[in-house]
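The residues making up each chain are set out below.
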Amino acid sequence: MNPAVVSKALLALAAAALLPSCAGPSCWEGGIPLRSGGEAEAQAHAAAEVRAATNVTVYRGLAHPQNEKALFQRQLKTVPHFYSHGFNFFSKPADVPAATVQKVLHLYTEPGSHQALSTKDLCHYHPDYAFVWKTGTQEHVLQICYGCHEWRYFCERGALCTDINEPAYFDKLTKWLPKSTAKE
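Here goes a summary of the coordinates provided. (Residues numbered from 1 in each chain as written. Predicted model: local features only at pLDDT ≥ 70, side-chain atom pairs only at ≥ 80, totals over all residues. Heavy atoms only, no water.)

1. Digging into the sheet that holds strand E7 (residues 150–155)
And step 1. The six strands are arranged E1-E5-E6-E7-E8-E4 in an open sheet whose pairing can be described as antiparallel. The sheet is open, and its two edges are formed by strand E1 (57–60) and strand E4 (114–115), each paired on a single side.
And step 2. As defined by bridge partners, E1 adjoins strand E5 (residues 129–135) across four bridges and the pair is classed as antiparallel. Paired with Tyr 59 across the two strands is Ala 130, which belongs to E5.
And step 3. Sheet strands in contact with helix H2 (residues 39–51) are E4, E5, strand E6 (138–145), E7 and strand E8 (158–164), and its direction is about 70 degrees off that of E7. (Pairing = 2+ DSSP bridges. Helix = DSSP H or I, 4+ residues; strand = E, 2+ residues; numbered from the N terminus. Contact = heavy atoms within 4.5 Å. Axes fitted to C-alpha atoms, helices over the stretch in contact; angles between N-to-C directions.)

Below is the structure:
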């Protein structure tokens, strides 16, 4: 066997073992609390809006456009879907009990469930869920990405992107709201 080929293969294996990958449960590398002077205040403002949420509809994201390219392309052609804040979601609402919706929204309002957004090079953020509601004419969207352990909240002022801390993610969120399967 060619020594150069073996050397390249070993280097690739070592890199794969050391680099974070979304092929596993997550590529999240968070851990930094929200910083005062902007992040914490923005999350508190968003939390107040989320506390007032009523008539929330939950949608699941289509297949991952990078990790499941063929399925994603097929879904774009064959399933009813809509586009919101950069991503496609099934038009049919997810069957999530109202009590679970309220638990997830309450978790979002807890400052301790947030951490500063970390840089994720390999994840390709893709929301598993979107919680959508209106206040008057203003639409609110809370996206949750399980691969990145990330919350993204959208309203008329813009977007607030934070990481979900480990206890909120592992001990609560993933138990209440299972990872979605976009295999429709």
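2. Overview of the packing of H2 against helix H4 (residues 98–109)
And step 1. Orientation of H2 relative to H4, taken along the N-to-C sense of each, is 155 degrees, at an axis distance of 8 Å. The angle between the axes of H2 and H4 places the two elements in the roughly antiparallel class. As for the relative orientation of H2 and H4, their crossing is left-handed in sense. Only Leu 105, Tyr 108 and Thr 109 of H4 make contact with H2, whose side of the interface consists of Gln 43, Ala 46, Ala 47, Val 50 and Arg 51. (Parallel < 35°, antiparallel > 145°, perpendicular 65-115°, else oblique. Left-handed = near helix turned anticlockwise from the far one by under 90°.)

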